[in-house]
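Single-letter residue listing:
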Amino acid sequence: MTGTAPKPDLHRATGVWPLVHAERAALAADLANLTDERWATPSLCTGLTVREVLAHLAAGASLNPVRWLAGVIRCRFDFDRQVTMRLNQQLGATASETLERFHGVITSTTKPPLPTVAMLGESIVHGEDIRRPLGIRRDYPIQTVTQVAEYYRGSDLVVLAKGRITGLRLVATDGPFTAGSGPLVSGTTLALTMAMTGRATYCDELDGDGVTTLRERCETA
């Protein structure tokens, strides 16, 4: 019997893209009538406005592995510098142009060398980075946000998440998601996901003996 390399789960990846596209479309609809003043609202991403975070999302949906690697080399392997460079490329001269460019990638399946589910995670986490400061609420499909939570619980790729929840037991109150062992952290799947990815403000929506530890990790990482 000869060994063969495992094949990528193409069916699973194909099934994730419609979820990514749905989240992008929902975000574009939520932002359709923002005033210029609201576009300048600080996001949950330190130092970035909601408009700049949207440009970052457009950039991620425009980068294939070759372009991503070329940018990394151009920026001398300074990944933060590359993020800023690509964001500025998508920003445009006005907020309307930023939104138009995001509209142009809603159905894109282009991505950097990341799992497709990571693009879904980006859409939800950065979507919340934008919506929360604007006071916009989205009721995410529980199956979608659970899939993102399951991804982040086992990954520190790009975003520290797995390391942030080490030694804690996470339990969702609105779905099937659970992770780890240790002091309890419970709350909605969305709040757990956002806290896992370092958004300390969502710790206010969580309960349990482990919340203080998780908040401290969000604030110091």
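Computed from a predicted structure; not experimentally measured.

**Student:** Would you mind going over the environment of Phe 102 in detail, with residue names and values included?
**Tutor:** Within the secondary structure layout, Phe 102 lies in helix H6 (residues 95-103). Looking at Phe 102, the relative accessible area reads 1%, which means it is buried. For the pair Phe 102 and Gln 90, spaced 12 residues apart in the sequence, the C-alpha separation amounts to 8.3 Å. Not counting the four nearest positions on each side in its chain, Phe 102 is found in contact with Arg 24, Leu 27, Ala 28, Leu 54, Leu 57 and Ala 58.

**Student:** Provide a residue-level description of the pattern of salt bridges, including the pertinent values.
**Tutor:** Overall, the coordinates contain eight salt bridges when judged by the stated rule. Residue Asp 129 pairs with Arg 199 through a salt bridge whose shortest N-O separation is 2.6 Å. With Asp 129 in helix H7 (residues 116-134) and Arg 199 in the loop between helix H9 (189-196) and helix H10 (211-220), this pair connects stretches of sequence that are 70 residues apart. By the burial criterion, Asp 129 is buried, and Arg 199 matches it. With a closest N to O distance of 3.4 Å, Arg 153 and Glu 150 form a salt bridge. With a gap of three residues between them, Arg 153 and Glu 150 both fall in helix H8 (residues 142-153), about one helical turn apart. Of the residues examined, Arg 153 reaches a relative accessible area of 32% and is grouped as partly exposed.

**Student:** Residue-level account of the environment of Met 196, with values.
**Tutor:** Locating Met 196 in the fold gives a position in helix H9. Along the chain, Met 196 and Arg 153 lie 43 residues apart, while their C-alpha atoms are 7.6 Å from each other. Excluding residues within four positions of it along the chain, Met 196 makes contact with Ala 149, Tyr 152, Arg 153, Leu 160, Ala 161, Arg 164, Ile 165, Leu 170 and Phe 177.

Scoring rules and cut-offs
- Residues numbered from 1 in each chain as written.
- Predicted model: local features only at pLDDT ≥ 70, side-chain atom pairs only at ≥ 80, totals over all residues.
- Heavy atoms only, no water.
- Helix = DSSP H or I, 4+ residues; strand = E, 2+ residues; numbered from the N terminus.
- Buried < 20%, exposed > 50% of the residue type's maximum accessible area, 1.4 Å probe, protein only.
- Contact = heavy atoms within 4.5 Å.
- Salt bridge = Lys/Arg side-chain N within 4 Å of Asp/Glu carboxyl O.

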